[in-house]
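# Structure at a glance
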Amino acid sequence: MNQILETALADEAKNELNFEIGDTVKVHYKIVESGKERVQVYEGIVISIANKSQSKTFTVRRVSYDIGVERIFPLHSPRIAKIELVRKGSVRRAKLFYLRDKKGKAGRIKERKGGQAIVAKDKKRQDEASKAALAQAKAAEAPSA
């Protein structure tokens, strides 16, 4: 039964996993307040990725005003507008829960060698994908008008 569900939902996977544990990401998250919808950007380090398939979640940690804040996002949520890669981190652990005990400079993660090239390549891919989606939307509107 689970395999049937996975194959049915495979086409609907909107966001792809373009980051790993230890990477710094910007999550563009849609928030609805008093009937209006806006996009809030949440930037931080990915400290864990859990589950698999459609229920995959990732935890992003950031330090705001000397207080550590963690937020769990479902990867395939329709509320996530986009996930932007900022830095590639060099880590040797699957979960970075030890960062909760670190303060200041001790809580930083080294950047992976060649990380900037990977980030630039990912940004270029995202820009091309957004341009293609915009072109498809314009093409869909033209015949109906």
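Residues numbered from 1 in each chain as written. Predicted model: local features only at pLDDT ≥ 70, side-chain atom pairs only at ≥ 80, totals over all residues. Heavy atoms only, no water.

Under the annotation held in an unreviewed UniProt entry, the protein carries the name Large ribosomal subunit protein bL19 and is attributed to Leptospira soteropolitanensis. Its UniProt record gives the protein the following Sequence similarities (unreviewed entry) comment, quoted word for word: "Belongs to the bacterial ribosomal protein bL19 family." Per UniProt, the protein carries the Function (unreviewed entry) text "This protein is located at the 30S-50S ribosomal subunit interface and may play a role in the structure and function of the aminoacyl-tRNA binding site." (UniProt positions renumbered as here; feature names shortened; annotations may be inferred.)

## Focus: the side chain of R61
Along the chain, the position of R61 falls in strand β3 (residues 57-64). Engagement of the side chain of R61 in a polar contact is seen with the side chain of E70, the distance being 3.0 Å. Excluding its chain neighbours within four sequence positions, the residues that come into contact with R61 are G44, I45, I47, G68, V69, E70, L99 and R100. (Helix = DSSP H or I, 4+ residues; strand = E, 2+ residues; numbered from the N terminus. Polar contact = N/O pair within 3.5 Å; in protein donor to acceptor, adjacent residues only side chain to side chain. Contact = heavy atoms within 4.5 Å.)

## Quick look at the pattern of salt bridges
Scanning the model with the defined rule gives 9 salt bridges in all. The closest approach of N and O atoms between E84 and K82, which form a salt bridge, is 3.9 Å. The exposure class assigned to K82 is partly exposed, which follows from its relative accessible area of 36%. (Salt bridge = Lys/Arg side-chain N within 4 Å of Asp/Glu carboxyl O. Buried < 20%, exposed > 50% of the residue type's maximum accessible area, 1.4 Å probe, protein only.)

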